[in-house]
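Breakdown of the fold
Listed below are the residues making up each chain.
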Amino acid sequence: MNIKKVMVVGAGQMGSGIAQVCAMNGYEVILHDLKDEFVERGLTGIRKQLLRQVDKERITAEQMQNFLQNIQSSTQLKNVEQADMVIEAAIENMEIKKNLFAQLDELAPEHTILATNTSSLPITEIAAVTKRPEKVIGMHFMNPVPVMKLVEIIRGLATSQEVYLTVRDMAAKLQKTSVEVNDFPGFVSNRILMPMINEAIFTVYEGVASPEDVDEVMKLGMNHPMGPLTLADFIGLDTCLYIMETLQEGFGDDKYRPCPLLRKYVKAGWLGRKTGRGFYIYD
């Protein structure tokens, strides 16, 4: 399969990052969201990222303009008719994703691959709402996408070998390192990461140490570049909670029970950096 044009569905932090790396590596990109203002916000973020690279002399101003010209805006899902591949980066909610994939399946050409950037939800269940489950696959990028090198590629039960190899080759063209992962809740990254973050939250909840001291232990003692609570704030505490609930439901194991303090912060609207407050307060 030859991928030339990619539609990225969702112009948030993940979607705009995926659109950026695709545009910088020779792909034509359709950046889609529900409203023009959402798409424009994503494009503004991309411009800021590229300007930083111009300032650091990693790319030229001319290259920046060429990359931006590779991206077209979309608020009409029917624009998927132009795409060889879709990468969905919408909210981490199964019903929303299933509804979206059912629509994409109806509108997209027969050859189009439908990929999801889900960080924890079952690929097989998403694929089941389409008439092309062999062309549905997980392509989980890490945040921030332009910086992080890893992509988890997750086969659904019916994903074909040809589709897997096409997506693996695309990840390489995006200058990413891919790992093949089977379709289990949380895949590899979040199955390991989220329980660690949840345990760090329990440590604060039980009064063992402050958020600052928990993070300091993990940075200086375990050589982590960022403490787990700082990372939780960066990811979004609502996202952390949703992934823990997905793990608990998927495995039926109480070891994935979300910490009550995590639930409390989410109910309070303290979601981390994006709301200005989580385990830390942000200007």
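Here the residue numbering is sequential within each chain, running from 1 through the sequence in written order. Only residues with pLDDT of at least 70 get local features here, since the model is predicted, and only at 80 or more are side-chain atom pairs given and counted; chain-wide, interface and lining totals rely on the full set of residues. Calculation of side-chain values draws on the structure's entire complement of heavy atoms; hydrogens and water are dropped beforehand.

**Quick notes on the overall build of the protein chain**
By the criteria applied, helices consist of DSSP H or I runs no shorter than four residues and strands consist of E runs no shorter than two, each listed in order from the N terminus. Summing up its helical and strand segments, the protein chain has 11 helices and eight strands in all. Relative to its length of 283 residues, the protein chain is compact, with a C-alpha radius of gyration of 19 Å against a globular reference of 19 Å. C-alpha extents for the protein chain along the principal axes are approximately 55 × 45 × 30 Å. Within the protein chain, buried positions represent 48% of all 283 residues. In this description, contact between two residues means that some pair of their heavy atoms is separated by no more than 4.5 Å. Restricting to contacts in the protein chain with at least 6 residues of sequence separation, those with at least 24 account for 67%. A total accessible area of about 13900 Å² is found for the protein chain, and carbon and sulfur atoms account for 51% of it. Taken as two groups, the 30 positive and 36 negative side-chain charges of the protein chain have centres that lie 2 Å from each other. Between the two quantities, the radius of gyration covers C-alpha atoms and the globule rule is 2.2 Å times the number of residues to the power 0.38. Three exposure classes are used, based on accessible area relative to the maximum for each residue type with a 1.4 Å probe and protein chains only: buried under 20%, partly exposed in between, and exposed over 50%. The Shrake-Rupley method, run with a 1.4 Å probe, gives the accessible areas here. Residue values count only the displayed protein chains as cover. Neither His nor the chain ends is counted toward charge; the positive residues are Lys and Arg and the negative residues Asp and Glu. To locate a charge, the coordinates of NZ of Lys, CZ of Arg, CG of Asp or CD of Glu are taken.

**Things to note about a positive patch on the surface**
Here, patches come from residues exposed beyond 30% relative accessible area and free of salt bridges, joined within 9 Å for like charges and within 5 Å for nonpolar side chains (Val, Leu, Ile, Met, Phe, Trp, Tyr). A side-chain nitrogen of Lys or Arg and a carboxyl oxygen of Asp or Glu constitute a salt bridge if their distance falls within 4 Å. A contiguous patch of positive charge on the surface is contributed by Lys48, Arg52, Lys56 and Arg58. With respect to the helices and strands, the residue Arg52 is situated in helix 2 (residues 36-55).

**Brief notes about the UniProt feature "domain: 3-hydroxyacyl-CoA dehydrogenase C-terminal" (unreviewed entry) in the protein chain**
UniProt positions are given in the numbering used here, feature names are shortened, and annotations may be inferred rather than shown by experiment. Here, UniProt's "domain: 3-hydroxyacyl-CoA dehydrogenase C-terminal" (unreviewed entry) annotation points to residues 186-282. Summarising residues 186-282: 63% helix, 0% strand, and an end-to-end C-alpha distance of 28 Å.

**Some points on the UniProt feature "domain: 3-hydroxyacyl-CoA dehydrogenase NAD binding" (unreviewed entry) in the protein chain**
Residues given the UniProt feature "domain: 3-hydroxyacyl-CoA dehydrogenase NAD binding" (unreviewed entry) here are residues 5-183. Its end C-alpha atoms 27 Å apart, residues 5-183 is made of 41% helix and 22% strand.

**Points about helix 4 (residues 94-107)**
The span you would expect from a helix comes to 1.5 Å times its residue count less one. Here helix 4 spans 20 Å end to end across 14 residues, near enough to the 20 Å set by a 1.5 Å rise per residue. Taken together, the buried positions of helix 4 are Met94, Lys97, Leu100, Phe101, Leu104 and Asp105. Buried residues along helix 4 cover an arc of 135° about the axis, so they all sit on one side. Turned more than 90 degrees away from the buried face of helix 4 sit Glu95 and Glu106, all of them exposed. Lining the buried residues of helix 4 we find strand 1 (5-9), strand 4 (85-88), strand 5 (113-116), helix 5 (123-127), strand 6 (136-141) and helix 10 (237-251). Whenever a nitrogen or oxygen atom comes within 3.5 Å of another N or O atom, the pair is scored as a polar contact, on the condition that within protein one atom can donate a hydrogen and the other can accept it, and that pairs from neighbouring residues in sequence are kept only if both atoms are in side chains. N-cap assignment for helix 4: the residue whose side-chain oxygen lies 3.1 Å from the backbone N of Glu95 is Asn93. It is the directions from the helix axis to the C-beta atoms that the arc portrays.

**Some remarks on the environment of Gly17**
Tracing the backbone through its elements, the reader meets Gly17 in helix 1 (residues 13-24). Judged by its relative accessible area of 5%, Gly17 is buried. Setting aside residues up to four positions removed in sequence, Gly17 forms contacts with Gly12, Val145 and Pro146.

**With respect to the packing of helix 7 (residues 189-205) against helix 11 (residues 260-268)**
Packed helices, taken two at a time, are described by their axes: the angle between them and the distance between them. Note on geometry: axes are C-alpha line fits, over the in-contact stretch for helices, and angles between N-to-C directions span 0 to 180 degrees. Contact geometry for helix 7 and helix 11: axes closest at 8 Å, N-to-C directions at 90°. By the criterion of interaxial angle, the relationship of helix 7 to helix 11 is roughly perpendicular. Here helix 7 contributes Asn198, Ile201, Phe202, Val204 and Tyr205 to the contact with helix 11, which in turn contributes Pro260, Leu261 and Leu262. Gly counts as polar in this scheme, as do all residues outside two lists: the nonpolar Ala, Val, Leu, Ile, Met, Phe, Trp, Tyr, Cys and Pro, and the charged Asp, Glu, Lys and Arg. When the residues that make up the contact of helix 7 with helix 11 are grouped by side-chain class, the tally is seven nonpolar, one polar and no charged. An angle below 35 degrees is read as roughly parallel, one above 145 as roughly antiparallel, one from 65 to 115 as roughly perpendicular, and any other as oblique.

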